[in-house]
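Inside the fold
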Amino acid sequence: MLVLVVDSSTPAVTAALAEVSADGVVLRASRCTVDARAHGELLAPQVDAALADVGARPADLGAIVAGLGPGPFTGLRVGLVTAATMGQVLGVPTYGVCSLDGLGQPTAASHPAAASHPAAAGELVLAASDARRREVYWAVYDGTGRRVAGPDVAAPVVVAERARDLAATVAVGDGAQRYADVLGLPVRAEPRYPDPLALARLAAERIRAGAPGEALTPLYLRRPDAVAATGHKPVLR
């Protein structure tokens, strides 16, 4: 089954195609552009480009997998609205995966650094993405890729303390790279952003089972920067 994978939880706007079969999951195409200000402009064209790379059409998709975050409100919403809309129009199920899980899997990484992914060696790995406001979204994973803490959002100094308490020995993600001096852990260069192959693998069991599609509920973890006014100031006194 051909599956579309989208993630917009970080500055990396990702659209990929994975082939999910009884034997495994294979990445067929992947497009990724890092631009924190252009999620809305980039995602749809990258979906089209990924489909063109394998000579497929939207009608050929059997399911859609979306990274649920955590991530900043505006960017994350782009990916989830795109996935939900396509799923509804095409009549295919949508499945959500925590985006940080795409960093913490021992078999993640469609990139050449996969063999050195920390969790593959049985270490506890801290996955952290930049949450802005001098904070990071974070989670900790064991050697099997199981999440043992998080997801949550906190200042890097707080995350560093939690990582020490949990005995994490290495970190991955753009948040870990940005705050490496505060976290005090060795930081691997890859994966820097959620890996689409990992996201597809995490949803593969549901896809193979033909599980009902899921509502794509975002993991914001905090209020958006812009909120509606709760009241009006009186004009006359």
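Scroll up to find the structure.
In this numbering scheme, every chain counts its residues from 1 along its sequence in written order. The model is predicted, so local features are restricted to residues of pLDDT at least 70 and side-chain atom pairs to those at 80 or more, both for listing and for counting; the totals for chains, interfaces and linings are taken over all residues. Water and hydrogen atoms were dropped before computing side-chain values, which therefore reflect all heavy atoms in the structure.

Here the focus is the overall build of the protein. The numbering of helices and of strands both runs from the N terminus, where a helix is a DSSP run of H or I of at least 4 residues and a strand a run of E of at least 2. Across its full length, the protein carries seven helices and nine strands. When accessible area is computed with a 1.4 Å probe and restricted to protein chains, residues below 20% of their type maximum are described as buried, those above 50% as exposed, and intermediate ones as partly exposed. Scored against the burial criterion, the 237 residues of the protein give a buried share of 49%. Here, two residues are considered to be in contact whenever any of their heavy atoms come within 4.5 Å of each other. Across the protein, contacts joining residues at least 24 apart in sequence account for 64% of those joining residues at least 6 apart. Carbon and sulfur atoms make up 53% of the accessible area of the protein, which totals about 11200 Å². Here, Shrake-Rupley sampling with a 1.4 Å probe gives the accessible areas, and only protein chains in the shown set may cover a residue.

With that settled, the discussion passes to a nonpolar patch on the surface. Grouping into patches uses exposed residues only, defined as over 30% relative accessible area, and leaves out salt-bridged ones; the cut-off is 9 Å for like charges and 5 Å for nonpolar side chains (Val, Leu, Ile, Met, Phe, Trp, Tyr). We count a salt bridge whenever a side-chain nitrogen from Lys or Arg sits within 4 Å of a carboxyl oxygen from Asp or Glu. Judged by side-chain polarity, Val157, Val158 and Val182 come together as a nonpolar surface patch covering roughly 220 Å² of accessible area. As for its position among the elements, valine 182 is in helix α6 (residues 180–183).

So, about the pattern of salt bridges. A side chain of one charge can pair with a side chain of the opposite charge if their charged atoms are brought near each other. This model, assessed by the stated rule, comprises seven salt bridges. Note that arginine 31 is salt-bridged to aspartate 53, the shortest N-O span being 2.9 Å. Placement of arginine 31 in strand β3 (residues 24–34) and of aspartate 53 in helix α1 (residues 39–53) is noted, with a sequence separation of 22 residues between them. A salt bridge links aspartate 101 to arginine 147; the shortest N-O distance between them is 3.0 Å. Residue aspartate 101 is found in helix α3 (residues 101–104), and its partner arginine 147 is found in strand β8 (residues 147–154); the two are separated by 46 residues along the sequence. Among the residues examined, arginine 147 registers a relative accessible area of 31% and is labelled partly exposed.

What follows deals with the nonpolar core. Leu4, Val6, Leu17, Leu43, Val47 and Leu61 are the most contacted members of the largest nonpolar core, which totals 24 residues. Counting residues per element, the ones that place at least two in this core are β1 (2–7), β2 (12–21), α1, β4 (61–67) and α2 (73–90). Setting aside residues up to four positions removed in sequence, leucine 17 forms contacts with Leu2, Val3, Leu4, Val26, Leu27, Arg28, Ala29, Ala50, Leu51, Val54 and Leu61. Working definition of a nonpolar core: buried Ala, Val, Leu, Ile, Met, Phe, Trp, Tyr and Cys residues. They are joined through side-chain atoms within 4.5 Å.

Spatially, four strands are ordered β8-β7-β6-β9 in an open sheet, and the strand pairing comes out mixed. In this open sheet, the two edge strands, each paired with only one partner strand, are β8 and β9 (170–172). Across the sheet, the mean angle from the axis of one strand to that of its neighbour is 20°, orientation sign disregarded. The pairing criterion is simple: DSSP has to find at least two bridges between the two strands. Axis lines are fitted through C-alpha atoms, for helices just across the contact stretch, and the angle between N-to-C directions can take any value from 0 to 180 degrees.

With that out of the way, let us pick up helix α7 (residues 196–209). Compared with the 20 Å implied by 1.5 Å per residue over 14 residues, the 20 Å span of α7 between its first and last C-alpha is a close match. Throughout, the bend at a residue refers to the angle made by two axes, fitted to the seven residues ending there and to the seven starting there. The sharpest bend along α7 measures roughly 50° and falls at alanine 203. Listed as buried for α7 are Pro196, Leu197, Ala198, Leu199, Ala200, Ala203, Ala204 and Ile207. Check the buried side of α7 and you find it contacts β1, β2, β3, β4, β5 (94–97) and α3. Positive backbone phi, at 65°, marks glycine 210, one or two positions downstream of α7. In this analysis, the expected span of each helix is defined as 1.5 Å times one less than the number of residues it contains.

Here we take up α2. Compared with the 26 Å implied by 1.5 Å per residue over 18 residues, the 26 Å span of α2 between its first and last C-alpha is a close match. Considered for burial, the residues of α2 that qualify are Gly75, Leu76, Val78, Gly79, Leu80, Thr82, Ala83, Met86 and Gly87. Residue glycine 91 follows α2 closely and has a positive phi angle near 70°.

Relative to the helices and strands, leucine 2 is located in strand β1. Every residue in contact with leucine 2, bar those within four places of it in the chain, is listed here: Leu17, Ala18, Glu19, Arg28, Ala56, Asp60, Leu61, Gly62 and Ala63.

Their axes nearest at 9 Å, the elements α1 and α2 cross at an angle of 35°. Crossing hand, α1 versus α2: right-handed. Where α1 approaches α2, its residues His39, Gly40, Leu43 and Val47 are matched on the opposing element by Gly75, Val78, Gly79, Thr82 and Met86. Partitioned by chemical class, the residues of the contact of α1 with α2 number four nonpolar, five polar and no charged. Should the near helix be turned anticlockwise from the far one by less than a right angle, the crossing is left-handed, and should it be turned clockwise, the crossing is right-handed. Under the convention adopted here, Pro, Cys and the residues Ala, Val, Leu, Ile, Met, Phe, Trp and Tyr are nonpolar, Asp, Glu, Lys and Arg are charged, and Gly plus all remaining residues are polar.

Before going further, it helps to examine the sheet that holds β4. Backbone hydrogen bonds are what pair the strands of a sheet, in a parallel or an antiparallel way. Within the open sheet, the five strands sit side by side as β3-β2-β1-β4-β5. Their pairing is mixed. In the strand order of this sheet, the two ends are held by β3 and β5, each with one partner. Strand-to-strand twist of the sheet, defined as the mean angle between neighbouring strand axes without regard to direction, takes the value 20°. When β1 meets β2, the two strands line up antiparallel, connected through six bridges. Looking across to β2, one finds that aspartate 7 is bridged to threonine 14. Along the sheet, α1 makes contact with β1, β2, β3 and β4, crossing β2 at roughly 30°. Along the sheet, α2 contacts β1, β4 and β5; its crossing angle with β4, the most-contacted strand, is approximately 160°.

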